[in-house]
Structures are given as C-alpha cells and as structure tokens.
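A structural walkthrough
The residues making up each chain are set out below.
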Amino acid sequence: MTAAFPRNSILNERHIALGTKFESSWNGMPLPQFYATDPYEEVATIRSKAGLIDVSSLNLVNVSGPEAEALLNAVLTSDIAKMKPGQSAISNIVDDEGSLIDDVLVYRNGPQDFRLSHGSGKLEEVLAQFSAGRDVTVANDGDTHVLSLQGPLALEILKPYASIDLTTLKYFEHAPAILFGREVTLARGGYSAERGYEVFSKAADTVFIWDAILEAGKPYGAMPVSWQSLDIVRVEGALLFFPYDMPKGDETPWEVGADWTVDLDKPAFRGKEALIRRKAEARVVQRGMEIDHHEQIEPGAKLFKDGVEVGSLNSSIYSRHLMRSIALVHVVPELGAFGTEFEVVGPQGSFTGRLVKTPFYDPLRLRTHPLEER
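Reading guide: rules and limits
Residues numbered from 1 in each chain as written. Predicted model: local features only at pLDDT ≥ 70, side-chain atom pairs only at ≥ 80, totals over all residues. Heavy atoms only, no water. Pairing = 2+ DSSP bridges. Helix = DSSP H or I, 4+ residues; strand = E, 2+ residues; numbered from the N terminus. Axes fitted to C-alpha atoms, helices over the stretch in contact; angles between N-to-C directions. Contact = heavy atoms within 4.5 Å. Buried < 20%, exposed > 50% of the residue type's maximum accessible area, 1.4 Å probe, protein only.

On the basis of which strands lie adjacent, the closed barrel formed by six strands has the order 14-17-16-15-18-19 and antiparallel pairing. Averaged over all pairs of adjacent strands, the angle between strand axes in this sheet comes to 40 degrees, irrespective of strand direction. As judged from the six bridges shared by strand 18 (residues 341-346) and strand 19 (residues 349-356), these two strands associate in the antiparallel manner. In the sheet register, Val344 faces strand 19, and the bridge partner there is Phe351. This element, helix 7 (residues 227-236), spans strand 16 (308-319) and strand 17 (324-331) of the sheet and lies at about 125 degrees to strand 16.

Below you can see the structure in the form of structure tokens.
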C-alpha cells in the first residue's frame with residue numbers, strides 16, 4: 001500500500017502494528033493519521049505525560065557554504081544574520097507580491113551551515129532559483145527522520161540517555177548529541193503547546209531510537225500518538241499549519257498573525273516592497289473562535305455578521321481537554337475585536353461563534369516557556 005508513495009518513513013511497520021491504515025499523506029509520505037488508540041486519550045497523554053510522534057514527513061533541506069546566509073536572507077522574511085549557531089527560528093517565504101508561499105523552520109548549525117524544515121510550500125523551488133551563481137550548496141535530505149516527544153515528562157524521559165544536559169537547552173535551541181548510544185541532533189520545540197524535544201536521526205538508527213524512547217517512557221506512561229492527536233493539540237495551542245490556515249492562497253504574514261517573522265529593517269529580500277505596501281491593506285485578521293456546538297465544525301465554514309459574509313473558518317477541532325469546539329479563523333479587520341459574535345455556517349448547520357484570545361490552551365505559554373527560562 002505504501003510502495004506507491006515517493007517517500008516512506010522507516011517506521012511504517014511500527015505504525016501498522018499500532019493500527020494505522022495510513023489514512024492520509026503529506027509531502028509524498030503516508031501518514032499514520034489514526035492508531036487503534038483513541039486520539040483523545042493520546043491528547044490526554046501529551047497533556048499530562050508524553051506522546052511520541054513520527055514527523056519525518058517534513059521536508060528537510062541542508063544549505064551550506066560561504067553564501068548560505070546571504071541566500072537565506074534573500075528569500076526569507078526574517079533576518080538570519082541575527083541567529084547564532086545552535087539556534088532555530090520560524091520564518092516565512094513570500095512571493096514578489098508579498099503572499100505567503102511557505103513557512104520554514106531554520107536551524108543554524110554553524111556560520112555557514114543550516115538545516116531547513118518545511119511543509120508543502122515552495123521553499124525548494126525558490127532556493128533553486130536564488131542559489132544560481134552563489135557559492136552555496138543546497139541539498140534535499142531524504143535520509144534524516146524526525147521524532148517528536150511532546151509532553152511535561154519529555155525531559156525526564158530523555159535526560160538520562162542524552163549526552164548533553166537537556167535542562168540547559170532552551171526553546172528554539174538545538175545541539176548535536178548522543179542519544180541511546182546513537183548520533184542525533186536534539187532540538188527543543190514541537191507543535192503541541194507543551195515542553196517537547198525533536199530527535200533528528202539517520203534512517204538506519206530511527207527504529208532503534210523509537211523503540212528506546214518508548215521503553216524509557218513506559219514508567220512515565222508515555223505512548224506513541226497519531227497525527228490526529230497532533231492536529232488537536234496544535235489547534236489548542238493556536239499554531240498555524242501551512243497552507244490550511246491560509247485558505248485564499250495569497251495571504252500576507254500581516255493577515256495571518258505572522259508579522260513577528262518579518263524584519264523590514266534588513267536589506268532587500270524577496271517581496272519586501274510588496275510587504276511594505278500591503279501592511280496597510282490587510283483584508284483579514286487572524287483570530288481564535290469558540291463555537292456553541294458539541295462537535296468540530298468542518299473547516300471551510302463561512303462566517304456571517306448581520307447576513308453578510310465576513311470571514312472563514314480554517315482549522316478546527318473539538319477539544320475534549322478544554323470541553324469546547326474551537327477554530328482558527330479569518331475575519332475582516334473591523335470585526336476583529338475579542339468577544340464579537342458571528343454566525344458560523346457550514347455543512348453541519350448554523351452555529352454561534354465568538355472571538356477569543358489565543359492560544360486556547362496555556363494562554364501565557366508557560367508550558368513551553370517556563371518563567372525561570374525567560
């Protein structure tokens with residue numbers, strides 16, 4: 001069944017044993033969207049213990065050479081020169097019109113050495129275009145796998161087996177390490193609104209490391225978790241997912257709440273002039289919404305105010321943890337005040353929704369950014 005896909009995780013047999021039918025795919029790789037376990041039980045484990053997920057379907061690209069930094073600064077919205085080795089940062093790529101065409105997580109390994117992690121956008125196409133004539137090497141990494149252990153007990157589970165002191169690794173930092181005797185890169189981060197760590201390993205080591213993490217996590221109640229649970233926790237944390245939270249396909253960072261990824265003070269980069277122009281032309285604002293319903297409202301539902309369509313519902317879930325139906329939405333700027341109510345209309349019917357502050361879960365982000373680390 002998986003042979004037809006251009007990419008496959010080395011962990012496919014482990015996923016099958018956990019009950020997946022590979023119900024979806026992403027970036028050419030089949031995904032364990034569901035396991036035999038209840039996704040809500042998996043969410044409870046992430047929120048109280050730790051859940052292990054295979055996120056190897058991310059696209060990884062290595063960029064190195066004397067002009068690596070210059071290349072990345074020419075195509076990304078943030079200033080890569082401000083990053084130190086061992087740091088990572090979320091950035092974006094826009095086209096010549098300032099429209100988002102990919103989101104990128106940049107890992108700086110050294111002065112001339114970067115790893116880029118991205119989803120289903122046009123990063124590699126743009127890198128190929130802008131690297132021409134530069135002293136830089138751009139190489140897709142199809143071997144490295146990425147495991148993500150997310151939850152409040154993730155540190156306790158991994159710390160005894162890591163060659164580096166994980167307590168000193170801050171959010172958005174990474175370092176080479178030995179884990180369970182194998183060479184890896186360990187990164188502090190994730191997509192769950194919990195403390196978590198990502199393990200970058202060679203394909204040949206990944207099954208061993210997956211098994212070792214789960215064995216070490218047994219006393220703590222850790223378990224493997226599906227992509228369905230990942231989608232639930234990321235919406236609870238109000239974390240955007242390209243392109244699902246950019247439904248028009250031409251949104252700017254200003255319109256999706258990603259203005260913090262744009263550094264207009266750095267020299268020219270692709271789309272800079274368009275971003276300056278469009279900053280005052282925002283058609284929508286990014287908001288969170290709670291909806292008066294006991295189930296998830298299907299993405300794509302329309303938002304109405306006084307009978308006029310004024311927005312869209314993009315990502316949505318029913319959060320059993322929060323006991324609310326919640327969504328990430330776009331609304332016209334003049335109706336973006338918190339507490340504003342809308343009629344939410346979709347295939348399931350019509351419901352009342354109101355704008356609320358995000359993240360829905362952990363509003364002060366204390367789970368990922370403890371006060372003692374700030």
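Now, onward.
This next bit is on unusual backbone geometry. Residue Pro243 is reached from Phe242 by a cis peptide bond, and omega for that bond is 5 degrees. Checked against the element boundaries, Pro243 lands in the loop between helix 7 and helix 8 (272-278). A cis amide bond, omega 5 degrees, links Thr358 with the succeeding residue Pro359. Examined against the element boundaries, Pro359 turns out to sit in the segment after strand 19. With a phi close to 65 degrees, Phe172 is a non-glycine residue in the positive phi region. Topologically, Phe172 is positioned in the loop between helix 5 (154-158) and strand 10 (174-179). Judged by its relative accessible area of 26%, Phe172 falls in the partly exposed class. Even without glycine at this site, Ala238 takes up a positive phi of about 55 degrees.

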